[in-house]
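Below are the chains, spelled out letter by letter.
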Amino acid sequence: MGRRSILVATGWVATAAIATLIGLGAIRLVGESLTGTPGGVRSEAEIERALAAPEPTPTTSTASAAPGTTGTASAAPGSAPSASSGARRGFATDGGTAVAECGVGGVRLVSWAPAQGYRVRDVDRGPDDDVEVTFQGAAREYELKVRCIGSEPVAVADD
């Protein structure tokens, strides 16, 4: 009976160890797909290169945009001008980012995206003499107003 108890205990320990390893492997696979950053974690240098890209890639963000407006996932500071319009430039506030360009009809917002914890409360995308986007947070609001000076979009202080 002593030998049988040892075999049962050894079998139980081996089974528990195998089940634990399988469970940890499954948790790792599921955990990465649920909580992992799409595309992996990016370094500060990779983020700066992505923000300096010539053209932002717009995607609709209905969760953060005000009704009837469009938000975008990226804004590129210092973006290159497009062939069909004037100069394009990115702007950033603590509440979010926006890209504006100057063209024949005046200035227009090309894209905008709220920062984490903020939402887009109001957008005047233009084209007009000036355009603006307001980012609303729980405790603070940021209004970004842009005009063309020459053919360059420039952020201006509230009148």
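Computed from a predicted model, the values in this text were never measured in an experiment.

K.L.:
A description of the overall build of the chain should follow, citing residues and the corresponding values.
P.N.:
Each helix and strand in the chain was counted, giving two helices and seven strands. When the elements of the chain are put in sequence order from the N terminus, they spell out α-α-β-β-β-β-β-β-β. Taking the intrachain contacts of the chain between residues at least 6 apart in sequence as the baseline, contacts between residues at least 24 apart amount to 29%. Total accessible area on the chain stands at roughly 10,400 Å², and carbon and sulfur atoms take up 59% of it.

K.L.:
Requested: an account of the side chain of Asp130, with residues and values cited.
P.N.:
Here Asp130 shows up in strand S5 (residues 130–137). Among the residues examined, Asp130 registers a relative accessible area of 17% and is labelled buried. Within the structure, Asp130 has its side chain in polar contact with the side chain of Arg147 (distance 3.5 Å). Asp130 has contacts with Val107, Asp124, Lys145, Val146 and Arg147, leaving out every residue within four places of it along the chain.

K.L.:
Explain the state of the cysteines to me, using residue names and the numbers behind them.
P.N.:
A covalent bond between the sulfur atoms of two cysteines is referred to as a disulfide. A full pass over the atoms with the stated rule returns one disulfide. Here Cys102 is linked by a disulfide to Cys148, with a sulfur-sulfur distance of 1.9 Å. Around the S-S axis, the bridge from Cys102 to Cys148 shows a dihedral of about -115° and counts as left-handed. Of this pair, Cys102 sits in strand S2 (residues 96–103) while Cys148 sits in strand S6 (residues 141–149), and the two are 46 residues apart along the sequence.

K.L.:
Quick one: what's the story with the sheet that holds strand S7 (residues 152–156), residue by residue and with numbers?
P.N.:
Sheets are built from strands paired through backbone hydrogen bonds, the pairs being either parallel or antiparallel. Ordered by their spatial adjacency, four strands build an open sheet running S4-S5-S6-S7, and the pairing between neighbours is antiparallel. The sheet is open, and its two edges are formed by strand S4 (118–124) and S7, each paired on a single side. Within the sheet, the average angular offset between the axes of one strand and its neighbour, ignoring direction, is 25°. Where S4 meets S5, six bridges bridge the pair, whose relative direction is antiparallel. Bridge pairing in S5 places Arg119 opposite Gln136.

Parameters at a glance
- Residues numbered from 1 in each chain as written.
- Predicted model: local features only at pLDDT ≥ 70, side-chain atom pairs only at ≥ 80, totals over all residues.
- Heavy atoms only, no water.
- Helix = DSSP H or I, 4+ residues; strand = E, 2+ residues; numbered from the N terminus.
- Contact = heavy atoms within 4.5 Å.
- Areas by Shrake-Rupley, 256 points an atom, 1.4 Å probe, with all protein chains shown as cover.
- Buried < 20%, exposed > 50% of the residue type's maximum accessible area, 1.4 Å probe, protein only.
- Polar contact = N/O pair within 3.5 Å; in protein donor to acceptor, adjacent residues only side chain to side chain.
- Disulfide = S-S within 2.5 Å.
- Pairing = 2+ DSSP bridges.
- Axes fitted to C-alpha atoms, helices over the stretch in contact; angles between N-to-C directions.

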